[in-house]
Amino acid sequence: MIASNVPACLNLPLLYVPASQDVPMPTRSGTATAFSLLAAGLMICTGGASAFAEPNAQPAGSSATKPVTFESDVQPLLTRLGCNSGACHGKSRGQNGFALSLLGFDSDFDYAALVGEARGRRVFSAAPESSLVLRKAAAQVPHGGGKRIEPGSPHFETLRKWIEAGAPRTPADAPQLVRVVAEPTTRSLAPKETFSLHVFAEYSDGTRRNVTDAAAYQSNDRTIAAVVDGADGAIQAGPVPGEAAIMARYMNHIAVCNVTIPLPGSVPPSAYEQLPRNNEIDDLVWKKLKLLGVLPSPQAGDATFHRRAFLRAIGRLPTPDETRAFLADSAADKRQRLVDRLLERPEYGDFWANKWADLLRPNPYRTGIKAVWNLDAWLRDAFRRNQPYDQFVRELVTARGSTWHNGATVIFRDRPDTVEIGASVSQLFLGVRLECAKCHHHPFEVWSQDDFFGFASFFSRVGHKGAGLSPPISGGEEVIFTAASGHLNHGRTGAAVSPKLLGGAPQTIGPEQDPRDVLADWMTASDNPYFSKVMANRVWAELMGVGLVDPVDDMRATNPASNEPLLDYLARDFREQGYDIKKLIRRIMTSYVFGLSSTPTDRNVADVRNFSRYYRQRMRAEVLLDAVNDILDVEEDFAAMPPGSRATQVWTYRASSFFLDTFGRPDPNQDPPCERTSESTTPQILHLMNSPALNEKLLKDTARPAKLAVANESPEKIVEEAYLLVYSRPPRDDEKQGALEFLGKTDQRRRAIEDLFWALLNTPEFLFLD
């Protein structure tokens, strides 16, 4: 290659040579530099422009109105091409000696890496085409990432012009990027249809720039809608009906387009107009189903609803007498009255506290047995009193006092590190996963390191006095208090960080005020955009089998709710009802949608997110064990618990139970919050079939099968009782006939009854909440 600025009289090839003892490197001078390099008999004479020209220098002939600059043009391009992704140079140690900040969150670091490192080989303004960044990207030299751009393409020319101009940075006084918008924001497509998504950057001076070719794109479900490789902003629908969110990223700003692929075929509007509506939930679900061309399943039968309501509200099966009474009730409002009765049952507090134990309760070997017991007792008391959720959270976030007397303080004993408790609080109570932003900009959200450390700084003055953690034995008492001073240093800059609300400005908080009080005021304020939503979504998921946002504590623009108007309504209603959790539960359970059948129809068989039917889910481990014991009329023996205790009342995961561990109880060594899976596994099926402990319960002389065998009951009565106990419904005629034939095949009445119960317990209908 001949450098255009080398004197024509020499006409020598341009060669960049690394520094050596004999060949000095050029230094940055601020003006055009004259230098000579001797290597392999080649000479580059004076008169050429410096490879280290000032960033603001403009090459001859360039446009002054549209300069190509680093932050505005080059960094977004590195993101678009995947150069700064986690799999390439954006990983913590970079790739082959070249490291970039993940997704371009640190402009200074990236500029220094491109322009200042590697002795200037990556960016060479004297001959842009010889720059390593271009040659690697175009695969003109070996490149582990393969060819990313074609020579002469618009992206190639953008980089070349930037290098030719002296690698300028975007001026500090340039208009600031305010936001990025995607147009359209929603789009309905037919299967396999394609459309073009356009992305615009809006700046502080009111200007608008089309950045479609510089943005990076990603779909949250490529089977529904995928980004077409090599085509700027082209989106193609898949063959399957459903919804997907297309994320467009430009300069760490994100815009989202929601794509819908309706089910083929037409449904008359009257089909939706005629659907029953018990409350606002139903209307919002029907509107979404209409948009998708999906029709709901019919209403579930009374027996199914009765069992579902018991298991969802209080975590236990109804008794045969309770089922008979409900089925015999002919009142039109019997389902609503059932929900009201269940929410007043004493089992409610233990059941819902057990759910929150997954999120908050630590390992007693880490924090101490007495401390964990106190936290568990605090949780159960809060749910038994139906403490308003805003007060519940405030007491946790601002907890002070002894871990032996105030159970809420134990979360600070378990998470003594300021950044740990900050990340935990944001995830649990705001649905914002800030953990990624501890080291780099969040890859799918707007949160930066400044946001992470600013939020965590609200806990920088939490003081600890007394016996600290000393696993595996941490039995001492610890007092949590608010210190008069304290600060948190930024993980990257090392500077002290002021407390900063998410999406807000840094706060100035005096020594007389606890920063946690300021945070709690903001979290529980009526205009907080996260607080009521995440709890409404969490309760919806517990009752309906899947959240409107899934995972329930990952609320972001790139993980949108399956029904955003419904989530907004639930959050608003929850807030207006004084954060009363029982009222939120009642609102959901009295909707028509909660009572839908789980059996799919032709027009909703593929739906798994929009609640056109009820979604079956395996019973929670504690609920399942209690159900087995209730059916067989036996008790479990738990360590550190009084006789007759139920699994939902156990205060620590350290209480040994092979059954609970098999069916998904969190690992006792796992740090909260713990996520459970409701999927069935082979060990679970084998456990029900072959467990010695379960077999021992079936064979007990005091168990229900033995009692029924000696009772003066007819085979018909025994079969009906067994079905009511296990399935919470009477047997169908064919089931009853088959069971009677089985019992009549042997004269060993007790053995046959035991086998009948064993068979029923090993069916999906028992195992799953329908």
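For every chain, the first residue of the written sequence is number 1, and numbering continues from 1 along that sequence. Two thresholds apply to this predicted model, a pLDDT of at least 70 for residue-level local features and 80 or more for giving and counting side-chain atom pairs, whereas whole-chain, interface and lining totals are computed over all residues. Note that the side-chain values use all heavy atoms of the structure and ignore hydrogens as well as water.

Numbering of helices and strands starts at the N terminus; helices are DSSP runs of H or I of at least 4 residues and strands are runs of E of at least 2. In terms of helices and strands, the protein chain carries 29 helices and 19 strands. Each of the three principal axes of the protein chain carries a C-alpha extent, and together these read 120 × 70 × 50 Å. Throughout, a residue-residue contact means that at least one pair of heavy atoms, one from each residue, lies within 4.5 Å. The contacts of the protein chain with a sequence gap of at least 6 include a subset with a gap of at least 24, amounting to 65%. Counting rule applied: Lys, Arg positive; Asp, Glu negative; His and chain ends not counted. Every charge is mapped onto a representative atom, which is NZ of Lys, CZ of Arg, CG of Asp or CD of Glu. A distance of 1 Å separates the average location of the 85 positive side-chain charges in the protein chain from that of its 92 negative side-chain charges.

Closest axis-to-axis distance for the helix α12 (residues 369-384)/helix α13 (residues 389-397) pair is 11 Å, and the angle between their directions is 160°. Judged by the angle between their axes, α12 and α13 are roughly antiparallel. Considering the relative orientation of α12 and α13, their crossing is right-handed. Contacts from W378, L379, A382 and F383 in α12 reach F392, E395 and L396 in α13. Residues were grouped as follows: Ala, Val, Leu, Ile, Met, Phe, Trp, Tyr, Cys and Pro as nonpolar; Asp, Glu, Lys and Arg as charged; and all remaining residues, including Gly, as polar. Each residue belonging to the contact of α12 with α13 can be placed in one class, and the counts come to six nonpolar, no polar and one charged. Geometry is summarised by axes, namely lines fitted to C-alpha atoms with helices restricted to the contacting stretch, and by angles between N-to-C directions that run from 0 to 180 degrees. Roughly parallel means an angle under 35 degrees; roughly antiparallel means over 145; roughly perpendicular covers 65 to 115; every other angle is labelled oblique. The hand of a helix crossing depends on one turn: near helix anticlockwise from the far one by less than a right angle means left-handed, and clockwise means right-handed.

Following E183, the chain continues into P184 via a peptide bond in cis, with omega recorded as 0°. Its location among the elements puts P184 in the loop between β3 (177-183) and β4 (186-188). D550 connects to P551 through a cis peptide bond whose omega is 0°. With respect to the secondary-structure elements, P551 resides in the loop between α18 (531-544) and α19 (564-576). Positive phi outside glycine occurs at N386, with the angle close to 55°. Looking at where N386 falls in the secondary structure, it is placed in the loop between α12 and α13. Looking at N386, the relative accessible area reads 18%, which means it is buried. Think of it in three bands: residues with accessible area under 20% of the maximum for their type are buried, residues over 50% are exposed, and the middle band is partly exposed, with areas taken using a 1.4 Å probe on protein chains only.

Below, the discussion takes up the nonpolar core. Only buried Ala, Val, Leu, Ile, Met, Phe, Trp, Tyr and Cys residues count toward a nonpolar core, and they belong to the same one when joined by side-chain atoms within 4.5 Å. Y389 and F766 are the most contacted members of the largest nonpolar core, which totals 148 residues. Those residues within four positions of Y389 in sequence are excluded, and the remaining contacts are W356, F429, F531, M535, F574, Y579 and I581.

Note on sheets: strands pair through backbone hydrogen bonds, and any given pair is parallel or antiparallel. In this scheme, strands are said to pair when DSSP sees at least two bridges between them. Read across the sheet, four strands follow the order β4-β12-β11-β8 without closing on themselves; strand pairing throughout is mixed. For this open sheet the edge positions go to β4 and β8 (216-219), each flanked by a neighbour on one side alone. Taken pair by pair, the neighbouring strands of this sheet meet at an average axis angle of 20°, ignoring direction.

As a further point, take the pairing of strand β15 (residues 478-482). Two strands pair when backbone bridges link them, and strand β13 (residues 401-402) and β15 are joined in this way by two bridges, in the antiparallel orientation. For S402, the partnering residue across the bridge sits in β15 and is V479. In terms of strand pairing, strand β14 (residues 462-466) meets β15 through five bridges, oriented antiparallel. Looking across to β15, one finds that V462 is bridged to T482.

Take the sheet that holds β13 next. Across the sheet, which stays open at both edges, the three strands sit in the order β13-β15-β14 with antiparallel pairing between neighbours. Lying at the two open borders of the sheet, with one neighbouring strand each, are β13 and β14.

With that out of the way, let us pick up the packing of aromatic side chains. Side-chain rings of Phe, Tyr and Trp (the six-membered ring for Trp) are treated as a pair once their centres are within 6.5 Å; stacked means planes under 30 degrees apart, edge-to-face means over 60, and tilted covers the remaining angles. Evaluation of the coordinates by the stated rule reveals 27 aromatic pairs. A ring pair is formed by W356 and F429, whose centres lie 6.2 Å apart and whose planes are at 15°; its orientation type is stacked. Residue W356 is located in helix α10 (residues 347-360), and its partner F429 is located in helix α15 (residues 418-430); the two are separated by 73 residues in the primary sequence. Neither W356 nor F429 differs from the other in exposure class; each is buried. In this structure an aromatic cluster arises from ring pairing among W356, W378, F383, Y389, F392, F429, F531, F574 and Y579. Any Lys NZ or Arg CZ that is within 6 Å of a ring centre and within 35 degrees of that ring's normal is treated as a charge sitting over the ring. Lying over the aromatic face of F594, R308 brings its terminal NZ or CZ to 5.9 Å of the ring centre.

Here, expected helix span is obtained from the residue count minus one, scaled by 1.5 Å. Helix length check: α18 (14 residues) gives 20 Å between terminal C-alpha atoms against 20 Å at 1.5 Å per residue, within 8%. For α18, the buried fraction is high: 13 of the 14 residues fall into the buried class.

Within helix α27 (residues 733-743) the residues assigned to the buried category are E735, A739 and L743. Buried residues of α27 fall within an arc of 65° about the axis and therefore sit on the same side. In α27, the exposed positions that point more than 90 degrees away from the buried face belong to D733 and D734. For this quantity, the arc is that covered by the directions from the helix axis to the C-beta atoms.

Take a negative patch on the surface next. A cluster of acidic residues, D417, E420, E435 and D671, forms a negative patch on the protein surface. One can find D671 in the loop between α22 (658-662) and α23 (682-690). For patch detection, residues must exceed 30% relative accessible area and be free of salt bridges, and they are connected within 9 Å for like charges or within 5 Å for nonpolar side chains (Val, Leu, Ile, Met, Phe, Trp, Tyr). The method behind every accessible area is Shrake-Rupley, applied with a 1.4 Å probe, and residues are considered shielded solely by the protein chains displayed. Criterion for a salt bridge: a side-chain nitrogen of Lys or Arg within 4 Å of a carboxyl oxygen of Asp or Glu.

Together, I685, L686, M689 and W758 make up an exposed nonpolar region whose accessible area comes to about 340 Å². Top contributing element to the nonpolar patch by residue count: α23, with three residues. By secondary structure assignment, the location of W758 is in helix α28 (residues 749-761). The exposure class of W758 is partly exposed, given its relative accessible area of 33%.

Our next topic: the environment of G230. Mapped onto the elements, G230 comes out in the loop between β9 (225-227) and β10 (234-237). The spatial distance from the C-alpha of G230 to the C-alpha of D213 is 10.0 Å, given a sequence separation of 17 residues.

It is worth spelling out the pattern of salt bridges at this point. By the definition in use, this model includes 62 salt bridges. We note a salt bridge from R209 to D73, for which the minimum N-O separation is 2.3 Å. With a gap of 136 residues between them, R209 in strand β7 (residues 208-210) and D73 in helix α1 (residues 70-80) connect regions that are remote in the sequence. On the basis of relative accessibility, which here comes to 30%, the residue R209 falls in the partly exposed class.

Take T508: it is sitting in the loop between β17 (496-497) and α17 (515-523). With a relative accessible area of 83%, T508 lands in the exposed category. Taking the C-alpha atoms as reference, T508 lies 7.2 Å from S498; in sequence the two are 10 residues apart.

Relative to the helices and strands, R249 resides in strand β11 (residues 242-250). Definition of a polar contact: a pair of N or O atoms within 3.5 Å, with one able to donate and the other able to accept a hydrogen when the atoms are protein atoms, and with sequence-neighbouring residues admitted only if both atoms are side-chain atoms. A distance of 3.4 Å separates a polar atom in the side chain of R249 from a polar atom in the side chain of N252.

On to the confidence of the model for the protein chain. Per-residue confidence for the protein chain gives a mean pLDDT of 87, with 90% of residues at or over 70. Counted against residues more than four places away or in other chains, residues 1-64, with its pLDDT under 50, gives 91 contacts. Values of pLDDT, which run from 0 to 100, indicate the predictor's confidence residue by residue.

Another aspect to go through is the pairing of strand β12 (residues 253-261). The element β12 is largely enclosed, with a buried count of seven among its nine residues. Two elements, β4 and β12, share three bridges in a ladder whose sense is parallel. The partner of R187 across the bridge, within β12, is V259. Relative to β12, β11 is paired through nine bridges, and the arrangement is antiparallel. The residue bridging I246 from the neighbouring strand is C257, located in β12. Hairpin connection between β11 and β12: a loop of two residues separates the two successive antiparallel strands, and M251 in this loop has a positive phi of roughly 50°.

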